Amino acid sequence: MTNNDILIRLRYAFDIKNVDMVEIFKLGGMNYTKEEVLNMLIKINDEEEAPETYISCNNKMLEAFLNGLITFKRGPQKPKEGQAEGPLPVSGKESPNNMLLKKVKIALSLTTEEMLEILYDGGIKVTKGELGAILRNPSHRNYKECGDSFVRNFLRGLTYKYRG
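The name given to the chain in an unreviewed UniProt entry is DUF1456 domain-containing protein, with Lysinibacillus fusiformis as the source organism.

What follows is the structure in structure tokens.
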């Protein structure tokens, strides 16, 4: 599953308008025009070649979008002492699948039980321990990398919950 697929599915699940997509990227610290965002949202099949205008979304771009989504949904955070004001820092080093689960959980203020319910609605039954391992810091010894099918089911569950 590509980062562009994740953007397309998140946009559909939350029914995000084009103007709001641009705003979310801006809140995450990346400025894109509406046309550039639309070029990221082009669906590409494995057999066909991408058009010249297609923009491939890398991990930093996805992380910036997810950080912007947090700010968009929850409002700007007041900086703590010694912390710079502005968007959250972007590293782009973590697995995009794990990052997606963590940041969507934060953006929507979801509890672990609500996450488990969304996953169940998406067609996957997970224990609290398994979910906890996915949400851990990558340097933790019990960290578990999240697979594409897990994310697909999570996004399907989000779609059921927010689009009916």
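Turning next to the overall build of the chain. From N to C terminus, the chain includes 8 helices and 0 strands. Listing every helix and strand of the chain by position from the N terminus yields α-α-α-α-α-α-α-α. Here the C-alpha atoms of the chain give a radius of gyration of 16 Å, agreeing with the 15 Å that 2.2 N^0.38 yields for 164 residues. By principal-axis analysis of the C-alpha atoms, the chain measures approximately 50 × 45 × 30 Å. Each of the 164 residues in the chain was classed as buried or not, and the buried ones make up 40%.

Relative to each other, helix α2 (residues 18-27) and helix α4 (residues 59-74) sit at 100 degrees, their axes nearing to 7 Å. Between α2 and α4, the interaxial angle falls into the category roughly perpendicular. Between α2 and α4, the contacting residues are Asp20, Met21, Ile24, Phe25 and Leu27 on the first element and Met61, Ala64, Phe65, Gly68, Leu69, Thr71 and Phe72 on the second. Along the lines of polarity and charge, the residues of the contact of α2 with α4 split into 9 nonpolar, 2 polar and 1 charged.

Negative phi values dominate among residues other than glycine, just as trans dominates among peptide bonds. Positive phi outside glycine occurs at aspartate 15, with the angle close to 50 degrees. One can find aspartate 15 in the loop between α1 (3-14) and α2. The phi torsion at serine 109 lies on the positive side, around 55 degrees, for a residue other than glycine. Turning to its location among the elements, serine 109 is positioned in the loop between α5 (96-107) and α6 (112-121).

Take the pattern of salt bridges next. A complete count under the given rule lists 4 salt bridges for this structure. Across the pair aspartate 15 and arginine 163 runs a salt bridge whose closest N-O atoms are separated by 3.4 Å. Remark: arginine 163 occurs in helix α8 (residues 148-163) and aspartate 15 occurs in the loop between α1 and α2; sequence separation between them is 148 residues. When its relative accessible area of 37% is taken as the criterion, arginine 163 is described as partly exposed. Between lysine 128 and glutamate 113 there is a salt bridge, with its nearest N and O atoms 2.7 Å apart.

How each quantity is defined
- Residues numbered from 1 in each chain as written.
- Predicted model: local features only at pLDDT ≥ 70, side-chain atom pairs only at ≥ 80, totals over all residues.
- Heavy atoms only, no water.
- Helix = DSSP H or I, 4+ residues; strand = E, 2+ residues; numbered from the N terminus.
- Rg over C-alpha atoms; globule rule 2.2 N^0.38 Å.
- Buried < 20%, exposed > 50% of the residue type's maximum accessible area, 1.4 Å probe, protein only.
- Axes fitted to C-alpha atoms, helices over the stretch in contact; angles between N-to-C directions.
- Parallel < 35°, antiparallel > 145°, perpendicular 65-115°, else oblique.
- Contact = heavy atoms within 4.5 Å.
- Nonpolar A, V, L, I, M, F, W, Y, C, P; charged D, E, K, R; others polar.
- Salt bridge = Lys/Arg side-chain N within 4 Å of Asp/Glu carboxyl O.

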